[in-house]
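Observations on the three-dimensional arrangement
Here's the letter readout for the chains.
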Amino acid sequence: MKLPSILVAATLAVVGSVSLPGGAARAETLRLAHHHAVGGQVDIAAKKFAELAKDYSKGEITVQVFPAAQLGQEREALDLVNQGAIDISITSTPILDKLYPPMAATSTPLIFKGWEQARKLYKGEFGLGLIDGVRDNSHVEVLGFIHLGFRDLMFKGDAPTTLAGMQGKRMRSPENFVWIRMFELMGAKPTPVTWGEVYTAMQTGVAEGLDTSAAAGLDMKFSEVTNSLLKTQHMFGSMLFAMNKTKFAALPPEKQEIIKKAALDTGDYVDLEVNIPAENAAYGKLEAAGIKIVEPADPQEWRDAMAPLQAEIAERNPGADKFIEMAKSVE
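The sections below set out a description of the structure shown in this document. Model, not experiment: these values are computed from the prediction.

This brings us to the overall build of the protein. For the protein, the helix and strand inventory stands at 14 helices and 9 strands. Scaling as 2.2 N^0.38, a compact globule of 331 residues should have a C-alpha radius of gyration of about 20 Å, and the protein matches this with 22 Å. Considered along the principal axes of its C-alpha atoms, the protein spans approximately 80 × 40 × 35 Å. The burial tally for the protein puts 49% of its 331 residues in the buried class. For the protein, long-range pairs separated by at least 24 residues make up 75% of all intrachain contacts whose partners lie at least 6 apart in sequence. Summed over its atoms, the accessible surface of the protein is roughly 15100 Å², and 55% of this surface lies on carbon and sulfur atoms. Across the protein, the centroid of the 34 positively charged side chains sits 4 Å from that of the 41 negatively charged ones.

Structure follows, in structure tokens:
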């Protein structure tokens with residue numbers, strides 16, 4: 001009986017994967033998805049990771065990058081990784097709190113004290129504990145982290161440098177518990193506005209202030225509708241390479257090491273060569289555009305105000321308290 005052509009092709013593919021000699025039998029192709037724009041910070045990271053994986057494996061590992069949500073938005077892509085339909089995604093750390101609740105600690109306001117301290121945390125017990133927790137509670141293997149930097153507050157008019165000056169200010173907030181409570185504890189009035197409408201909300205006075213990274217503030221042209229920036233650095237944005245755990249475990253040990261090293265080295269490259277310089281440059285460009293940049297009169301006052309929120313995040317996400325305290329204890 002003549003076999004259907006599709007079945008013949010599939011059979012030959014399986015036989016070929018087993019019997020091909022040398023490098024062809026060892027070749028791996030991995031699909032990596034992310035939801036950020038082509039050419040942006042995350043896309044740079046994805047392409048660097050693909051480049052390093054290929055170099056370190058001497059061409060035996062190929063990573064195909066699918067940017068701009070081609071394979072799904074952020075949560076969709078992570079779900080597909082967890083299910084094994086996509087090999088790798090680049091995902092914001094707080095998104096993983098549904099798989100491992102202590103991941104919520106990574107979005108806790110004012111526990112990160114600067115790039116050096118944050119990078120030290122993620123490379124140490126803090127980061128390793130998160131990686132182990134995700135692995136033990138999901139079908140995801142975390143390969144490594146990249147960091148997008150700090151968020152500050154921008155305002156129409158002069159930026160308040162004390163909490164007293166925040167009283168009653170209408171601050172743009174996403175529909176998110178952490179942001180809403182953060183602004184409430186600052187004494188401000190959280191005003192939900194979608195990200196795409198923030199410019200108009202500031203222009204028309206619906207909101208008096210917003211939180212953003214300096215780079216995003218520049219990209220979104222918020223300097224046209226604000227006058228000042230308070231350098232609170234109240235949140236530190238991080239993302240991670242999430243790989244399907246079964247796919248990772250199926251790789252030979254030497255290729256597992258290559259993939260992990262590629263992710264680690266990508267993190268260092270993106271932090272040190274791309275994002276830290278970009279953040280510093282963005283502050284200068286905002287000043288050149290007429291934005292007055294100031295710092296809190298007493299940074300500890302702002303940290304103390306966030307203590308109730310830290311407790312609430314820990315209560316909502318069992319196990320997060322350990323990571324919050326770890327972050328606060330590292331200088």
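More follows now that the structure is in view.
Further remarks concern unusual backbone geometry. Despite not being glycine, Lys58 shows a phi value in the positive range, around 55°. Here Lys58 lies in the loop between α3 (41–56) and β2 (61–66). Non-glycine residue Leu110 carries a positive phi angle of around 60°.

In this section: the pattern of salt bridges. Where charged atoms of side chains with opposite charge meet at close range, the side chains can pair. Applying the stated criterion across every chain, the model contains 16 salt bridges. When the shortest N-O distance is used, the salt bridge between Lys255 and Glu60 registers 3.5 Å. In this pair, Lys255 sits in helix α11 (residues 253–288) while Glu60 sits in the loop between α3 and β2, placing the two residues 195 residues apart along the sequence. Across the pair Glu184 and Arg181 runs a salt bridge, and its minimum N-O distance is 2.9 Å. Separated by 3 residues within a single helix, Glu184 and Arg181 lie in helix α7 (residues 177–185), roughly one turn from each other. Residues participating in the shared-partner salt-bridge network are Arg119, Lys123, Asp268 and Asp271.

For the rest of this paragraph, the subject is the nonpolar core. With 54 residues, the main nonpolar core has Phe112, Phe126, Leu153 and Met186 as its most contacted residues. A total of 6 residues in this core trace back to one element, the largest contributor, which is strand β4 (residues 140–155). By size, the runner-up hydrophobic cluster in this structure holds 25 residues, among which are Phe49, Ala50, Val63 and Ile90.

Close contact between helix α5 (residues 115–123) and α11 brings their axes to 13 Å; oriented N to C, the two are set at 165°. By the angle between their axes, α5 is roughly antiparallel relative to α11. As for the relative orientation of α5 and α11, their crossing is right-handed in sense. Within the contact between the two elements, α5 uses Trp115, Arg119 and Lys123 and α11 uses Leu264, Gly267, Asp268, Asp271, Leu272, Asn275, Ile276 and Glu279.

We now examine the side chain of Thr108. Relative to the helices and strands, Thr108 resides in the loop between β3 (88–92) and α5. According to the relative accessible area criterion, Thr108 is buried, its value standing at 0%. Looking at Thr108, its side chain comes within polar contact range of the main-chain oxygen of Ala105, at 3.0 Å. Beyond its immediate stretch of four places on either side in the chain, Thr108 contacts His234, Gln310, Ile313 and Ile324.

This paragraph deals with the packing of aromatic side chains. Counted by the stated rule, this structure contains 10 aromatic pairs. Ring geometry for Phe112 against Tyr122: centres 6.1 Å apart, planes inclined by 15°, an arrangement best described as stacked. On the criterion of sequence distance, the pair formed by Phe112 in the loop between β3 and α5 and Tyr122 in helix α5 is long-range, its members being 10 residues apart. Taking relative accessible area as the criterion, Phe112 reaches 5% and is therefore assigned buried. A ring pair is formed by Phe112 and Phe236, whose centres lie 5.6 Å apart and whose planes are at 45°; its orientation type is tilted. Highlighted residues: Phe112 in the loop between β3 and α5 and Phe236 in strand β8 (residues 228–244), separated in sequence by 124 residues. Per residue, the accessibility class of Phe112 equals that of Phe236, and both read buried. Grouped by ring-pair contacts, the aromatic residues Phe112, Trp115, Tyr122, Phe126, Phe145, Phe150, Phe236 and Phe323 constitute a single cluster.

For the rest of this paragraph, the subject is the packing of α7 against helix α13 (residues 307–316). Two elements in contact, α7 and α13, have axes separated by 10 Å at closest approach and are oriented at 155°. Between α7 and α13, the interaxial angle falls into the category roughly antiparallel. Relative to α13, α7 is oriented so that their crossing is right-handed. Note on element contacts: α13 touches α7 through Pro308, Leu309, Glu312, Ile313 and Arg316, opposite Phe177, Val178, Arg181, Met182 and Leu185. Looking at the contact of α7 with α13, its residues break down into 7 nonpolar, no polar and 3 charged.

As a further point, take the pairing of β3. Look at any regular strand and the pattern is simple: side chains alternate between the two faces of the sheet. Extensive coverage of β3 is indicated by the burial of 5 of its 5 residues. Burial along β3 is two-sided: the residues Ile88, Ile90 and Ser92 and Ser89 and Thr91 are all buried. Of the pairings in the sheet, the one linking strand β1 (residues 28–33) to β3 comprises 2 bridges and is parallel in character. If you follow Leu32 over to β3, its bridge partner there is Ile88.

Rules and cut-offs
Residues numbered from 1 in each chain as written. Predicted model: local features only at pLDDT ≥ 70, side-chain atom pairs only at ≥ 80, totals over all residues. Heavy atoms only, no water. Helix = DSSP H or I, 4+ residues; strand = E, 2+ residues; numbered from the N terminus. Rg over C-alpha atoms; globule rule 2.2 N^0.38 Å. Buried < 20%, exposed > 50% of the residue type's maximum accessible area, 1.4 Å probe, protein only. Contact = heavy atoms within 4.5 Å. Areas by Shrake-Rupley, 256 points an atom, 1.4 Å probe, with all protein chains shown as cover. Lys, Arg positive; Asp, Glu negative; His and termini not counted. Charge placed at Lys NZ, Arg CZ, Asp CG, Glu CD. Salt bridge = Lys/Arg side-chain N within 4 Å of Asp/Glu carboxyl O. Core = buried A, V, L, I, M, F, W, Y, C linked by side-chain atoms within 4.5 Å. Axes fitted to C-alpha atoms, helices over the stretch in contact; angles between N-to-C directions. Parallel < 35°, antiparallel > 145°, perpendicular 65-115°, else oblique. Left-handed = near helix turned anticlockwise from the far one by under 90°. Polar contact = N/O pair within 3.5 Å; in protein donor to acceptor, adjacent residues only side chain to side chain. Phe/Tyr/Trp six-rings, centres within 6.5 Å; stacked < 30°, edge-to-face > 60°. Nonpolar A, V, L, I, M, F, W, Y, C, P; charged D, E, K, R; others polar. Pairing = 2+ DSSP bridges.

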